[in-house]
Structure formats: structure tokens, C-alpha cells
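# Chain and residue survey
Residues per chain, in single letters:
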Amino acid sequence: MRIKRWSLRVLAHIDLPLLLLLLALMGMSLFVQYSASGQSDARLLSHGLNMLVALSVMVVVANIPPQYLLSLALPLYAVGVVLLLGVATVGEVVNGSRRWLNLGVTRIQPSEIMKIAMPLMLAWYFHRHEAMLRLKDYGVAALLLIVPVALVAKQPDLGTALLISASGFYVLFFAGLPWRIMLGMAVVAGASLPLAWHFMHDYQQKRVLTLIDPTQDPLGAGYHIIQSTIAMGSGGSFGKGWLHGTQTHLDFLPERTTDFVFAVFGEEFGLLGNVLLLTLFLAIIARGLMIAASAPTLFARLMAGSLTLAFFTYAFVNMGMVSGILPVVGVPLPLVSYGGTAMVTVMLGFGILMSVKTHRKLLKS
């Protein structure tokens, strides 16, 4: 009886509609990963274990009242920045990028921490200044955002830097950043593109040029985009069938279990499958925004809204990259691509959403 009461108390903080949507997406992921990995039982088992760990993290975080998350914002942000500074000085170089920090027992990628720490920190800051938000508060928030983004971009990891920027911008947006400032930022960003081009690394410039014309280097930089678009197009309306994707199983499609898993899905399940997958993503995003809209405090609204739109950004960037409308930046498809760290990060965010939803009465008090 005691175990049953404890279980009911834990599950009381789980938002059932959101959980069912997430489990449906994970179920689809298991099918596509089994095919993409060449029907590898070991890879499927590993992917399933990653899901169990991620779900456990979500349940634990969902049972933490948002007030405790509020108190963790500043320490988590500070630890994240310190770790990024550690990466910049003594980080391990892998494939020409310094992104990992070896702690002896394990190796971590601090930029993943900032995906959660950044919106948490900005939400905390605006919550503290809620009574009288002034223009300078947005300036301070922008500075808090720029520091970790600059450190991640220097690794270089432009894709993750842009994702962290997006999560921070969403907090600024929900906090009421004036439209004239956002319009001015857009104009400045557009005008600075020619200047930014000269500061980009050679491989980053090549990715942009490859997006415009992938056929200029069909066996090199353009290979990923060409093969992914062939796979997507060959799926037609109804796909070639599960386990029957030729681009996948004849090893034409690279990174098929991680960054380009959406191409595997499109080839085997076709346009109909893609529409179903997109509908599932949109339903998850809609549920997240509903939770954000009903949150009783500024901190809860900012956190829930920014994490939901960050999830949308990850999915949009990956699908756009695989479809050939965005440059290849190495962003996985959330909850579908193989990778434990990214999955835990995403589910941690959904745990915060559930905490906001189920602790509403506590927040009001």
C-alpha cells in the first residue's frame, strides 16, 4: 500500500496528454531506429535504454516544484559558463572542434547544459524584475545570453550556438520585448550578414554555398543533402515500406541514425508518414503552449513557453536541414534521432513543463 501511495503521488505530477504524445513519438522512433541501424538489436536496446533514462529524468523533474527550479537558475547558469570556459581552455578537440570536457570519470558537452540553463536563467531574471521591467533589463538579459552563445560559437559549434540563442530570444519575446526593438535587431542582423560571412570558418561558408548548389561538390560537402533529398523524394506518397528503404540499406544515406533519421522515415513511410510525424510534433508543441498560457507566474510562463518553442526550433532546423532548405548544422531530430544526451536534455525540458502544469496551485500560493 505504501508503494502504491508513493507511485500515485509521483504520477500525479505527470501531464497525461503530453506523456501519451511523447510516448507515441518515442514509439515511432524505435521503429525507424531499428531500420536505420540495419536491424541492429544492440542499437535498438541502447536507444530504448536512453529513452528509459530520459523518461526517468522527466518524472523526477516533474515532481520538483518550480520554486526549487527557480532557486537553481543562477547556480546552473554559473556552472554552465564555468564549464564552457573550461572547454575553451582545456577541452578535448574532436574532429577539429573543442566541445568536450573530460572530467576523468566521464566526458561531458557543457553546451547541452546551456540549452536548459539559458532559458531558466533569463526567466529567473525577468521574474525578479517583474514589478518594473525597463529597457535596461532587456539589455542585461541580452548580455547574459551573449556570453555563453559566444563561448559555444567559438568552439566552433554554430548550430548549438544558434539553438541557445533561439531559446534565450523566446524568453525575451514572452517577457514583452518591444516590437520596434525586435524589428531593429532583424534589420541589424540582415545588414551584418556580409560582415559575418568573413568571420565564418571555411567549412561553415562551404555549408551555405552547398545549400545554394549542392551539385558543385556532389561527393563531398553536397553529398549529405543530395542523398537525403533523394531518399525523401523516392518515398513518394506512401513510402517504400518499413525496412525497405534502398537509400538507407544500401548505405547511400550518411548519419542515418542521428542527424538524417528524418530522411529514413520519409523514404520508408512517405509523405503520409511525414504528415503523421509533423502532426505529432505540432500536437506536442500545442500542448506545451497550452501549459505556458495557463501558468500562473511570469517565471513559469517564460520557462514553459521558451522550452516549447525551443523544441519546435530543434525539430524545424533538423527537418529543414534534411529537406535541403537549411544548411547542414548537425542538429538531431528531438526524441527520434539516436543519442542519449540530447534525449535527456529534451525530456528534462518536458519535465519542467509538467512541473509547471501540475504544481499550479502551489505556484498560486
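Since we're looking at a predicted model, the values are computed, not measured. (Residues numbered from 1 in each chain as written. Predicted model: local features only at pLDDT ≥ 70, side-chain atom pairs only at ≥ 80, totals over all residues. Heavy atoms only, no water.)

### Observations regarding the overall build of the chain
How we decide: What counts as a helix is a DSSP run of H or I of at least four residues, what counts as a strand is a run of E of at least two, and both are numbered from the N terminus. Here the globule rule reads 2.2 Å times residues to the power 0.38, and the radius of gyration is calculated from C-alpha atoms. Note on exposure labels: buried denotes an accessible area under 20% of the residue type's maximum, exposed denotes more than 50%, and partly exposed covers the range between, all computed with a 1.4 Å probe on protein chains only. Any two residues having at least one pair of non-hydrogen atoms within 4.5 Å are treated as being in contact. In this charge count, Lys and Arg are treated as positive and Asp and Glu as negative; neither His nor the chain ends contribute. Every charge is mapped onto a representative atom, which is NZ of Lys, CZ of Arg, CG of Asp or CD of Glu.
Per the secondary structure count, the chain includes 16 helices and 3 strands. The globule rule puts the C-alpha radius of gyration for 365 residues at 21 Å, and the 21 Å found for the chain is close to it. Considered along the principal axes of its C-alpha atoms, the chain spans approximately 60 × 60 × 45 Å. For the chain, the proportion of its 365 residues judged to be buried stands at 47%. The long-range fraction of contacts in the chain, counting pairs at least 24 apart against all pairs at least 6 apart in sequence, stands at 71%. Distance between charge centres in the chain, computed from 24 positive and 15 negative side chains, equals 17 Å.

### A look at a nonpolar patch on the surface
Applicable threshold: Each patch is assembled from residues with relative accessible area greater than 30% and no salt bridge, linking like charges that lie within 9 Å and nonpolar side chains (Val, Leu, Ile, Met, Phe, Trp, Tyr) that lie within 5 Å. Each accessible area is a Shrake-Rupley estimate made with a 1.4 Å probe; only the visible protein chains count as cover when residues are assessed. Criterion for a salt bridge: a side-chain nitrogen of Lys or Arg within 4 Å of a carboxyl oxygen of Asp or Glu.
Residues Phe173, Phe174, Trp179 and Leu289 make up a contiguous nonpolar surface patch of roughly 410 Å² in combined accessible area. The topology assignment puts Trp179 in helix α8 (residues 179-191). Exposure remark for Trp179: the relative accessible area of 66% places this residue in the exposed category.

### Quick notes on the nonpolar core
A general feature of soluble globular proteins is that nonpolar side chains tend to end up buried together. Put simply, the test is: Joining through side-chain atoms within 4.5 Å is the link that ties buried Ala, Val, Leu, Ile, Met, Phe, Trp, Tyr and Cys residues into a set, and such a set is a nonpolar core.
With 56 residues, the main nonpolar core has Leu335, Met347 and Phe350 as its most contacted residues. Those elements that place two or more of their residues in this core are α2 (16-36), α3 (41-62), α11 (223-234), α13 (261-293), α14 (298-323) and α15 (340-358). With 12 residues, α13 is the largest single contributor of residues to this core. When near neighbours in sequence (up to four residues on either side) are disregarded, Phe350 contacts Leu18, Leu22, Met58, Ile284, Phe311 and Leu335. Counting residues in each nonpolar core, the second largest holds 38 residues, with Ala73, Ala123, Tyr138 and Met303 among its members.

### Some remarks on the pattern of salt bridges
Per the counting criterion, the structure on display carries 5 salt bridges. One salt bridge in this structure joins Lys240 and Glu267, with 3.1 Å as the shortest N-O distance. Within this pair, whereas Lys240 is found in the loop between α11 and α12 (246-249), its partner Glu267 is found in helix α13, the two being separated by 27 residues in sequence. Among the charged side chains, a network of salt bridges with common partners joins Asp15, Arg287 and Lys357.

### Some remarks on the layout of surface pockets
The following threshold applies: A 1.4 Å probe that fits but cannot get out identifies a cavity on a 1 Å grid over protein atoms alone, an open set with protein on both sides within 12 Å along at least five of seven lines counts as a pocket, and a residue lines either if it has an atom within 4 Å of a point. Grid points are joined across faces, edges and corners, and a volume is the space filled by probe spheres set on the points. Residue classes follow a fixed rule: Ala, Val, Leu, Ile, Met, Phe, Trp, Tyr, Cys and Pro count as nonpolar, while Asp, Glu, Lys and Arg count as charged, and any other residue, Gly among them, counts as polar.
Roughly 360 Å³ of volume is contained in the second largest pocket. Taken together, 19 residues make up the lining of the second largest pocket; nearest its centre are Leu76, Glu112, Ile113, Ile116 and Leu348. For the lining of the second largest pocket, the secondary structure elements donating two or more residues are α4 (66-90), β3 (107-108), α5 (110-128) and α15. With 5 residues, α15 is the single largest residue contributor to the lining of the second largest pocket. Its residues assigned to classes, the lining of the second largest pocket comprises 14 nonpolar, 3 polar and 2 charged.

### Focus: the environment of Gly305
Tracing the sequence through the fold places Gly305 in helix α14. By relative accessible area, which is 0% here, Gly305 ends up buried. For the pair formed by Gly305 and Gly235, sequence separation is 70 residues and the distance between their alpha carbons is 35 Å. With residues near it in sequence (within four places) discarded, Gly305 still touches Phe174 and Ala292.

### As for the packing of aromatic side chains
Quick note on the threshold: Pairing of aromatic side chains requires ring centres within 6.5 Å, counting the rings of Phe and Tyr and the six-membered ring of Trp. Pairs whose planes differ by under 30 degrees are stacked, by over 60 edge-to-face, and all others tilted. Only Lys NZ and Arg CZ are tested; either one counts as a charge over a ring when it is within 6 Å of the ring centre and within 35 degrees of the ring normal.
All told, the structure shown has 11 aromatic pairs when counted by the stated rule. Considering the side-chain rings of Tyr34 and Trp242, the 6.0 Å spacing of their centres and the 40° angle between planes classify their relative orientation as tilted. Residue Tyr34 is located in helix α2, and its partner Trp242 is located in the loop between α11 and α12; the two are separated by 208 residues in the primary sequence. A connected cluster of aromatic rings, assembled from ring pairs, spans Phe31, Tyr34 and Trp242. Lying over the aromatic face of Tyr338, Arg43 brings its terminal NZ or CZ to 4.0 Å of the ring centre. Sitting above the plane of the Tyr314 ring, Lys115 keeps its charged end 5.2 Å from the centroid.

### Some thoughts on empty space enclosed by the protein
Overall, the coordinates contain 2 cavities of 30 Å³ or more when judged by the stated rule. Approximately 130 Å³ is the volume attributed to the largest cavity. Lining the largest cavity are 15 residues; nearest its centre among them are Pro332, Pro334, Ala342, Met343 and Val346. For the lining of the largest cavity, the secondary-structure elements that each account for two or more residues are α5 and α15. Residues of the lining of the largest cavity, tallied by class, amount to 10 nonpolar, 3 polar and 2 charged. In this structure, the second largest cavity spans a volume of roughly 110 Å³. Lining the second largest cavity we find Lys115, Ile116, Leu307, Ala310, Phe311, Tyr314, Thr345, Val346, Gly349, Phe350 and Leu353. When residues of the lining of the second largest cavity are assigned to their parent elements, the largest contribution, 5 residues, is made by α15. Of the residues that constitute the lining of the second largest cavity, the class distribution is 8 nonpolar, 2 polar and 1 charged.

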